[in-house]
Amino acid sequence: MAWRGCVMKWAETQFIRTISTTSRSSRLNPCNQQRCGFRREAKRPDTKKGNVTQETNPSPSEAGAPRPPLSLKARPKLFKPLMFTVGFTGCSFGAAAILQYETLKSRVQTAKEESEKRSRGSQDMAYWHDWWNQLSGFQRQLILLVSMVDDFWSNLTEGQRTVTGIIAVNAVVLCCWRIPSMQRSMIKYFTSNPASKTRCLPMVLSSFSHYSIIHMVANMYVLWTFSSGIVTLLGKEQFLAVYLSAGVISTMVSYMCKTATGHLHPSLGASGAIMAIVAAVCAKVPEAKLGIIFLPMVTFTAGNALKALVAIDTAGLILGWRLFDHAAHLGGALFGVWYVAYGHKLIWRRREPLVKLWHDMRSPGAGGGGPGPR
């Protein structure tokens, strides 16, 4: 009996030791996964030659826990996005200068044609009266509807007509987010994330991307409100160049802050570009009176509104608030202030050589003349 008791005790000891060893090994070798805001799995960490890859974006449950800083090898490289930002900004302003030249040329040609028509006299009203009588009732209603839409479009300011196209593009992208088969492509190209393999093209496309209807309506309302003022100050072509460039530059600032802090999460929305437009108007006309749509009795100057927005985003960036991409907001606002103070003189007023080169290419052999830059 004593021998049997010794054997049972030895077997029980070996069994407990085996269980403890198995549990310890399972704790030391977890199956790590990387979540990038949309539950995407990453590759297993590489343990060759003693190099261990850190997690670049923890799960939401681990977001508040302290994390070790990313190693140099784990940080994404931002040289290519930086070069893309510089190149895209230059191309935007170059294309805007050429577009302005073509617009002025078209207006001059249209004015000449209208003057020729007036010199010939008015059309025969009897011809149009007979043509109208030959139409059916449905055709007449359709023509009246088109005429009403044309009158509504004509009553809009140039800034509102320009912004209408931007709003339409954002609405189409919002609808694409609701298509399940397009989710993978939308995440890849319409969300900006420095940890993604595709980093350059989303810097532009994410500025037209909204996943929430409320987010898009709020951004587009602000853009619609400030569109008339900014287009009056800069013109349609220059406004488009500033808007597109601000979207890319604000995303680049967001990339830099995310890489420095290690919070590599995706972002989307036009807030960075819109902040540049708001900041440009507020810096150019700081004494203008602004208000809140739900509180019309509360008014404040544009200069104070700009200071408040910059202060809020600075506090959010320092304190690590995650509700908005405060780095992108600050990048857009600083770009807008810089452009109206210095950028307009450094970039837009020096476009004459490019416009002259384009004019020579469009009309070879011409000795000059034609509409030039204002």
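Treat the numbers as computed from the prediction; the structure is a model and nothing was measured. (Residues numbered from 1 in each chain as written. Predicted model: local features only at pLDDT ≥ 70, side-chain atom pairs only at ≥ 80, totals over all residues. Heavy atoms only, no water.)

It is worth spelling out the overall build of the protein at this point. A tally of helices and strands in the protein yields 13 helices and two strands. Here the protein holds 374 residues, and the buried ones make up 33% of them. Split by element, the accessible area of the protein, about 24200 Å² in all, is 64% carbon and sulfur. (Helix = DSSP H or I, 4+ residues; strand = E, 2+ residues; numbered from the N terminus. Buried < 20%, exposed > 50% of the residue type's maximum accessible area, 1.4 Å probe, protein only. Areas by Shrake-Rupley, 256 points an atom, 1.4 Å probe, with all protein chains shown as cover.)

Here we take up the pattern of salt bridges. In this structure the tally under the stated criterion is four salt bridges. A salt bridge links Glu-158 to Arg-107; the shortest N-O distance between them is 3.7 Å. One end of the pair, Glu-158, is in helix H5 (residues 158–177); the other, Arg-107, is in helix H2 (residues 79–120), and 51 residues separate them in sequence. A residue is classified by how much of its surface remains accessible, and Glu-158, at 33% relative accessible area, is partly exposed. A salt bridge links Lys-258 to Asp-325; the shortest N-O distance between them is 3.9 Å. Here Lys-258, found in helix H9 (residues 236–261), pairs with Asp-325, found in the loop between helix H11 (302–319) and helix H12 (326–346); they are 67 residues apart in sequence, far enough to count as distant. Accessibility assignment for this pair places Lys-258 and Asp-325 in one class, buried. (Salt bridge = Lys/Arg side-chain N within 4 Å of Asp/Glu carboxyl O.)

Another point: a nonpolar patch on the surface. A surface patch of nonpolar side chains, amounting to about 740 Å² of accessible area, comprises Tyr-221, Ile-292, Ile-293, Phe-294, Leu-295, Met-297 and Val-298. At three residues, the largest contribution of residues to the nonpolar patch is made by strand E2 (residues 295–301). You can see Leu-295 is positioned in strand E2. Assessed through its relative accessible area of 40%, Leu-295 is described here as partly exposed. (Patch = residues over 30% accessible without salt bridge, like charges linked within 9 Å, V, L, I, M, F, W, Y side chains within 5 Å.)

Turning to the packing of H11 against H12, a few remarks are in order. Between H11 and H12, the shortest axis-to-axis distance is 8 Å and the interhelical angle comes to 145 degrees. Where H11 crosses over H12, the two elements pack in a sense that is left-handed. In this structure, H11 uses Leu-306, Val-310, Ile-312, Asp-313, Thr-314, Gly-316 and Leu-317 to contact H12, whose residues at the interface are His-326, Ala-327, His-329, Leu-330, Ala-333 and Val-337. In the contact of H11 with H12, the residues fall into eight nonpolar, four polar and one charged. (Axes fitted to C-alpha atoms, helices over the stretch in contact; angles between N-to-C directions. Left-handed = near helix turned anticlockwise from the far one by under 90°. Contact = heavy atoms within 4.5 Å. Nonpolar A, V, L, I, M, F, W, Y, C, P; charged D, E, K, R; others polar.)

In this section: the packing of helix H8 (residues 213–234) against helix H10 (residues 271–284). The geometry of H8 relative to H10 is characterised by a closest axis approach of 9 Å and an angle of 40 degrees between their N-to-C directions. Note that H8 runs across H10; the crossing there is left-handed. Only Ser-271, Ile-274, Ile-277, Val-278, Ala-280, Val-281 and Lys-284 of H10 make contact with H8, whose side of the interface consists of His-215, Asn-219, Met-220, Val-222, Leu-223, Phe-226, Ile-230 and Leu-233.

The next subject is the packing of aromatic side chains. As enumerated under the stated definition, the model contains seven aromatic pairs in all. Between Phe-208 and Tyr-243, the aromatic rings sit 6.3 Å apart at their centres with planes inclined by 65 degrees, giving edge-to-face as the arrangement. With a gap of 35 residues between them, Phe-208 in the loop between helix H7 (201–205) and H8 and Tyr-243 in helix H9 connect regions that are remote in the sequence. Ring pairing ties together the aromatic residues Phe-93, Phe-335, Trp-338 and Tyr-339, which thus form one cluster. For Arg-178, the ring lying beneath its charged end belongs to Tyr-211, and the centroid distance is 5.0 Å. (Phe/Tyr/Trp six-rings, centres within 6.5 Å; stacked < 30°, edge-to-face > 60°. Lys NZ or Arg CZ within 6 Å of the ring centre and 35° of its normal.)

This part covers the pairing of strand E1 (residues 289–292). Pairing of E1 with E2, which is carried by four bridges, proceeds in the antiparallel orientation. Following the sheet pairing, Ile-292 is matched in E2 by Leu-295. Counting the residues that bridge the hairpin from E1 to E2 gives two residues. (Pairing = 2+ DSSP bridges.)

Counted at 1.5 Å a residue, the expected span for H10 with its 14 residues is 20 Å, and the 20 Å between its end C-alpha atoms agrees. Taken across its 14 residues, H10 has 12 buried, putting it largely inside the fold. Buried within H10 are the following residues: Ser-271, Gly-272, Ala-273, Ile-274, Met-275, Ala-276, Ile-277, Val-278, Ala-279, Ala-280, Val-281 and Cys-282. For H10, the elements touching its buried residues are H8, H9, E1, H11 and H12. (Expected span 1.5 Å × (residues − 1).)

A few words on the nonpolar core. Leu-223, Ile-230, Phe-239 and Tyr-243 are the most contacted members of the largest nonpolar core, which totals 40 residues. Ranked by size, the runner-up nonpolar core spans seven residues in total, among them Leu-78, Met-203, Val-204 and Tyr-255. (Core = buried A, V, L, I, M, F, W, Y, C linked by side-chain atoms within 4.5 Å.)

Bringing the confidence of the model for the protein into the picture now. Per-residue pLDDT for the protein has a mean of 79; in total, 74% of the residues score no lower than 70. Here residues 1–11 is a poorly scored stretch, pLDDT under 50, and it has zero contacts once near neighbours within four places are set aside; other chains count. (pLDDT = per-residue confidence, 0-100.)

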